[in-house]
Amino acid sequence: MVLIFIDIAEDGNVKKSSLEALTYGAQLAKQLGVEAQGVVLAPATEDLSALGKYGVSKIHQVKNDSLKYFDAQVYAKVLAQAVEQSGATVVVFSNNTDGKAVAPRLSARLKAGLVAGAVALPETSNGFAVKKSVFSGKAFANVNITTPVKIISLNPNAFKIEEGTGTAEVVELNATVDAPKVKVTAVKKQSGEVPLAEAEIVVSGGRGLKGPENWGILEDLARELHAGLACSRPVADAHWRPHNEHVGQTGGAIAPNLYIAVGISGAIQHLAGVNRSKVIVVINKDAEAPFFKAADYGIVGDLFEVLPKFTEAVKQLK
Amino acid sequence: MKILVCISKTPDTTAKIAFTDNNTKFDTGSVQWIINPNDEYYALVRAIELKEADASTVIHLVTVGAPDADAIIRKALALGGDEAIRVNTESQDSFTIASQIAEVAKQGSYDLVFLGKETIDYNGSCVGGMVAELLDLPYISLATKFELNGTTATVTREIEGGEEICEVSLPVVVSCNKGMAEQRIPNMRGIMAARTKPLKVVEPVATEALTSIAEFSLPPAKAGVKLVDADNVAELVRLLREEAKVI
Ligand SMILES: Cc1cc2nc3c(=O)[nH]c(=O)nc-3n(C[C@H](O)[C@H](O)[C@H](O)COP(=O)(O)OP(=O)(O)OC[C@H]3O[C@@H](n4cnc5c(N)ncnc54)[C@H](O)[C@@H]3O)c2cc1C
C-alpha cells in the first residue's frame, strides 16, 4: 500500500503541494498494483472524503489537539504508527517545508530509505529507483531504495495534479501522541501574496532594479499574472527585499511553470535555484548577460521601459 | 553552552558537473572543494555569534569524510570554532552520515546541533532530521532566526508563504537557512589560530546505507533563447500564451 502524508496549512486547507503528492502516490500505487491511502494529522476544515478524487481509497485521520501545530518529532512518531497499522510499504511526502523536517525523521525511525526531492515516478520494473534533482538542478540522480519500506518526498511543482472522481473512506486512526516540545507562538503569513514555493508563475528582480523603491513596477506585473515574487541574492543582502524571496543556491529553489527574471545577470549561483523552471523569460539591457543562455524567451532592453509595457500587454489579454 | 556544527564539503558552485564510470560516479577530477555554503554562512556564523555573545560557549565542528576533508574543516576552524572532529569514513547516504554525526553528538552531549539547510550537491535536506530522530531530540528545520534566552530558544522557521515563530528548550537540532547570519571572511588571525586548533579523527560506528545511487544524468540542453524586440512586448505575451502555454 502507498501511504501519502497530507499536509494541512494553518487555515485548515490541504496544501497544494500535498495534492501533487496525492496524485503522485495514487499513480505509483496503480503502477505497483496496490491501493493508495492518505494520512491526515492536523485538524482539517475540508471534507477529507473528497480527496478520493485524487485516487486515494481511504484516509486515516488522527484526531488529537497536540497535532494542531506541526512538530516533526511528534509527527514522525505518529506517522510511524500509521505505517505500521496500515501496512504501508511506500510513504509519499511533499518535499515542502514540513516534509523536509518529518520525512527524514520517519526514515531514521523506520530505517526506511528516503529519496528527498523526487521529480518523477520511480522505475519499479527492476528494483525501486527514484529520480531526483542533484547539484542544485544541474543534474539528476537515480537513487535505489533498498529497504522494505520506502519513502519518497516529491519536489513541489514537479508533478501535475490530476483530479478524477471518487470519494475516500475516512477512518480514525488510534495513535499515541506525545505533547509537542516545540511550541508555536506565532504564525506570520504574507497576506495577499502567492507563496513562492507553490507559485506557478514567479516574477523576480535583481540588482538591475536599482533600489527597493522601484519594486512597484515588478509587483504590478506579478499582480496581473497572479505570480509569486522572488529576487537575487544581492537584493536580499541589501535588504531591498525580504530573505524569503531570495532564490538560488543559497536561497530557495523553485520550479514554477514560468520564471520571469528582470535585471538579473544569471550567475550560476542564481541559476542553481531556478533552472528547474519550465519556461524562463529574461529581461536585461545587456545582450551578453549569461541568463540569456538559460532562457527560453528574452528581451534585450531597459526594464524600466519594458516592464510597464509587459504589464499592459498582460492586462489586454483579459 | 556546547554547540556542535556539522560541516560538509561540497564542490565549488562553479564546478563543472560531469560523471565517470558509466555515469555512476561524480567526476571530481578538476573540482575545487568548499565548505557547503549553507553550513558556513548560516550554521557556523550563527554559532560564532552565539559564542561572541557568551564567551563560555564552546563550538565543535564535525565532518564525516576521508582525510581529504581536513582542508575544509580547517577552513571552518579559521572562521571560528574551537575544535574539529572528523569521522574517518566516506559518506554513503544521508542516513550513514546522520548515524555518524549522532554518535559524535551523543559522546559530546551538546546543547545545540546546527546544520545548513541542505548541501548544494545532493540537496537532500535530510541529515538534520535524521540526526534529531536518532538522538530523540526536537528538530527545527529551515530556521531563519535563532535567539537564546538561557536554555530556551526562540526560533523562526520558514513555512510556505510566511514564517512560524516557536519556542523550544535545549537541547535541539536546528537546520539553518538564509537570514540566520551573514557570511564572514576568515581573517589572518583566524587562519593562523586554526593551524593549532585540535582536529580529532575518530573511527566510524557500524551503519548500513538505506539508499544507493544507481546512475547520474544531465538535463537535456536548452533549445536556445527566442528574442523578442523591446518595442514589441505584446509579442512576448502572445508567445507565452499561445506557444509556451504558460499564461
Ligand atoms: C557561494 C555563492 C552563493 C551564491 N548564492 C546566490 C543565490 O542563492 N542567489 C543569487 O541570486 N545569487 C547568489 N550568489 C551571487 C551571484 O553570484 C551573483 O552575484 C548574483 O546572482 C547577482 O545578482 P544580480 O543578477 O541581481 O546582480 P548583478 O550581477 O549586478 O546583475 C544585474 C543585472 O541587471 C542588468 N540591468 C541593470 N540595469 C538594467 C536595466 N535598467 N534594465 C535591464 N537590465 C538591467 C545588468 O545588465 C545585469 O545583468 C552567490 C554567490 C556565491 C559566491
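Named according to an unreviewed UniProt entry, chain B is Electron transfer flavoprotein subunit beta originating from Niabella yanshanensis. Chain B has a UniProt comment under Sequence similarities (unreviewed entry) that states "Belongs to the ETF beta-subunit/FixA family."

In the annotation of an unreviewed UniProt entry, the entry for chain A reads Electron transfer flavoprotein subunit alpha/FixB family protein, and the organism field reads Niabella yanshanensis. The UniProt entry for chain A carries the following comment under Sequence similarities (unreviewed entry): "Belongs to the ETF alpha-subunit/FixB family."

A. Here's a closer look at the overall build of chain A. A tally of helices and strands in chain A yields eight helices and 15 strands. In terms of overall dimensions, chain A is globule-like: its C-alpha atoms have a radius of gyration of 21 Å, near the 20 Å expected for 318 residues. With the C-alpha coordinates aligned to their principal axes, the bounding extent of chain A is approximately 60 × 45 × 40 Å. Long-range contacts, defined as pairs at least 24 residues apart, comprise 65% of the intrachain contacts of chain A with a sequence gap of at least 6. When the accessible surface of chain A is split by element, carbon and sulfur atoms take 49% of a total near 12,000 Å².

B. Main features of the site of the ligand. Close contacts around the ligand come from 28 residues, with Ser232(A), Ser265(A), Gln269(A), His270(A) and Asn284(A) the closest. Positioned at a junction of chains, the ligand has nearby residues supplied by chains A and B. Contact distances for the ligand include 2.8 Å between an oxygen atom and a side-chain N or O atom of His246(A). One of the side-chain N or O atoms of Asp302(A) is found 3.0 Å from a nitrogen atom in the ligand. Burial of the ligand by the surrounding chains reaches 81%, relative to a free accessible area of 980 Å². If you list the elements that add at least two residues to the shell around the ligand, you get helix H5 (233-237), helix H6 (268-274) and helix H8 (303-317) of chain A. Here the shell around the ligand is built from residues that sort into seven nonpolar, 15 polar and six charged.

Calculation rules
- Residues numbered from 1 in each chain as written.
- Chains lettered and ligands numbered in written order.
- Predicted model: local features only at pLDDT ≥ 70, side-chain atom pairs only at ≥ 80, totals over all residues.
- Heavy atoms only, no water.
- UniProt positions renumbered as here; feature names shortened; annotations may be inferred.
- Helix = DSSP H or I, 4+ residues; strand = E, 2+ residues; numbered from the N terminus.
- Rg over C-alpha atoms; globule rule 2.2 N^0.38 Å.
- Contact = heavy atoms within 4.5 Å.
- Areas by Shrake-Rupley, 256 points an atom, 1.4 Å probe, with all protein chains shown as cover.
- Near = heavy atom within 4 Å.
- Polar contact = N/O pair within 3.5 Å; in protein donor to acceptor, adjacent residues only side chain to side chain.
- Nonpolar A, V, L, I, M, F, W, Y, C, P; charged D, E, K, R; others polar.

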